[in-house]
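Chain and residue survey
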Amino acid sequence: DSGVTQTPKHLITATGQRVTLRCSPRSGDLSVYWYQQSLDQGLQFLIQYYNGEERAKGNILERFSAQQFPDLHSELNLSSLELGDSALYFCASSVISYNSPLHFGNGTRLTVT
Amino acid sequence: DAKTTQPPSMDCAEGRAANLPCNHSTISGNEYVYWYRQIHSQGPQYIIHGLKNNETNEMASLIITEDRKSSTLILPHATLRDTAVYYCIVSGGGADGLTFGKGTHLIIQP
């Protein structure tokens, strides 16, 4: 158990809809990362937050947004969903020292029909 | 972050040591080598990381060559539960996310 909690585990929704994925980081970790993993793309870094502030952006679509709240949990909002957004979405957290490893949750499997 | 090269797949017999190689010839002086694994659609699991010295923990050992251009992850006594995709990643730190490649699919044979 990595200590990172993601909810829900599974989500099925229709095209055009909006969903919110939630992540609770490990106790003491200030930094949260979001990754997307689809069958043909592998693990893609989306965005990172540190102590409530956006720190780095990867391949995140404009239809997607995220935030980190004062209690350090994070939410990833996906809107105007398309079939191609079907994927596993992972959250990771870390202590923000220079070489601190990331610890991943078990993901949310999103299916867009 | 420097690019890494790993074999796409490897087999290993149960109970033997699994040695997973990784080339990272463009690694720079401040970049660490990280190893993660992913067991069938679970979240990636951190295994070990190092800068230039060899490292060992309860899961594995990491051997980094003196010129730091390659490394080997060693699972000393592989079990069937070690079947997974293993990712070798080189990064200057966790601040900007890690770039995952395709990794090595390690299959432990009974």
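As the structure is a prediction and not an experimental result, all values here were calculated from the model.

1. Details of the side chain of B:Gln6
Residues and elements named next belong to chain B. In this structure, Gln-6 sits in the segment before strand E1 (9-13). Residue Gln-6 is classed as buried on the basis of its relative accessible area of 15%. At 2.9 Å, the side chain of Gln-6 and the backbone oxygen of Tyr-86 are in polar contact. Of the polar contacts made by the side chain of Gln-6, one reaches the backbone nitrogen of Cys-88; its length is 2.9 Å. Residues within four places of Gln-6 in sequence aside, it is in contact with Pro-21, Cys-22, Trp-35, Tyr-86, Tyr-87, Cys-88, Gly-103 and Thr-104.

2. Some remarks on unusual backbone geometry
A cis geometry characterises the amide bond from A:Thr7 onward to A:Pro8, with omega recorded as -10°. Here A:Pro8 is to be found in the loop between strand E1 (5-7) and strand E2 (10-13). Non-glycine residue B:His40 carries a positive phi angle of around 25°. The topology assignment puts B:His40 in the loop between strand E3 (32-38) and strand E4 (45-50). Residue B:His40 is classed as exposed on the basis of its relative accessible area of 72%.

3. A closer look at the layout of surface pockets
Where empty space is left can be seen by rolling a probe of water-molecule size over the atoms. Taken as a whole, the largest pocket spans an internal volume of roughly 700 Å³. Taken together, 27 residues line the largest pocket, and the ones lying closest to its centre are A:Gln37, A:Ser38, A:Leu39, A:Gly42 and B:Tyr87. Mapped onto the lining of the largest pocket, the elements with two or more residues apiece are strand E4 (31-38), strand E5 (42-50), strand E9 (87-94) and strand E11 (108-112) of chain A together with strand E8 (84-91) of chain B. Along the lines of polarity and charge, the residues of the lining of the largest pocket split into 11 nonpolar, 13 polar and 3 charged. The volume enclosed by the second largest pocket comes to roughly 550 Å³. Considering the residues around the second largest pocket, the lining is formed by 24 residues, among which A:Ser2, A:Phe104, A:Gly105, A:Asn106 and B:Gly43 are closest to the centre. Within the residue set of the lining of the second largest pocket, elements represented by two or more residues are E1 and strand E10 (103-104) of chain A together with E3 and E4 of chain B. Each residue belonging to the lining of the second largest pocket can be placed in one class, and the counts come to 7 nonpolar, 13 polar and 4 charged.

4. Notes on the state of the cysteines
With the rule as written, the count across this model stands at 2 disulfides over all chains. The disulfide that involves A:Cys23 links it to A:Cys91, with 1.8 Å between the sulfurs. Looking down the S-S bond of the A:Cys23 and A:Cys91 bridge, the torsion is -55°, so its handedness is left-handed. Note that A:Cys23 is positioned in strand E3 (residues 19-24) and A:Cys91 in strand E9, a separation of 68 residues in sequence. A relative accessible area of 0% means that A:Cys23 is categorised as buried. One disulfide in the model links B:Cys22 with B:Cys88; its S-S distance is 2.1 Å. When the S-S torsion is -80°, as for the bridge of B:Cys22 with B:Cys88, the disulfide is left-handed. Within this pair, whereas B:Cys22 is found in strand E2 (residues 18-23), its partner B:Cys88 is found in strand E8, the two being separated by 66 residues in sequence.

5. Description of the interface of chain B and chain A
Each partner contributes residues to the interface: chain B has 20 residues there, and chain A has 21 residues. Across the chain B/chain A interface, buried area totals approximately 1,700 Å², and carbon plus sulfur atoms make up 52% of it. On the surface where chain B and chain A come into contact, there are 0 salt bridges. Across the chain B-chain A interface, the total number found is 4 residue pairs in polar contact (both at pLDDT 80 or more). Of all the secondary structure elements, the ones that give two or more residues to the side of chain B that touches chain A are E3 and E4 of chain B. Ranked by residues supplied to the side of chain B that touches chain A, first place goes to E3(B) with 4 residues. Its residues assigned to classes, the side of chain B that touches chain A shows 9 nonpolar, 10 polar and 1 charged.

Calculation rules
- Residues numbered from 1 in each chain as written.
- Chains lettered and ligands numbered in written order.
- Predicted model: local features only at pLDDT ≥ 70, side-chain atom pairs only at ≥ 80, totals over all residues.
- Heavy atoms only, no water.
- Helix = DSSP H or I, 4+ residues; strand = E, 2+ residues; numbered from the N terminus.
- Buried < 20%, exposed > 50% of the residue type's maximum accessible area, 1.4 Å probe, protein only.
- Polar contact = N/O pair within 3.5 Å; in protein donor to acceptor, adjacent residues only side chain to side chain.
- Contact = heavy atoms within 4.5 Å.
- 1 Å grid on protein atoms, 1.4 Å probe; cavity = no way out; pocket = protein on both sides within 12 Å on 5 of 7 lines; lining within 4 Å.
- Points joined across faces, edges and corners; volume = space filled by probe spheres on them.
- Nonpolar A, V, L, I, M, F, W, Y, C, P; charged D, E, K, R; others polar.
- Disulfide = S-S within 2.5 Å.
- Buried area = accessible area lost by both parts, 1.4 Å probe.
- Salt bridge = Lys/Arg side-chain N within 4 Å of Asp/Glu carboxyl O.

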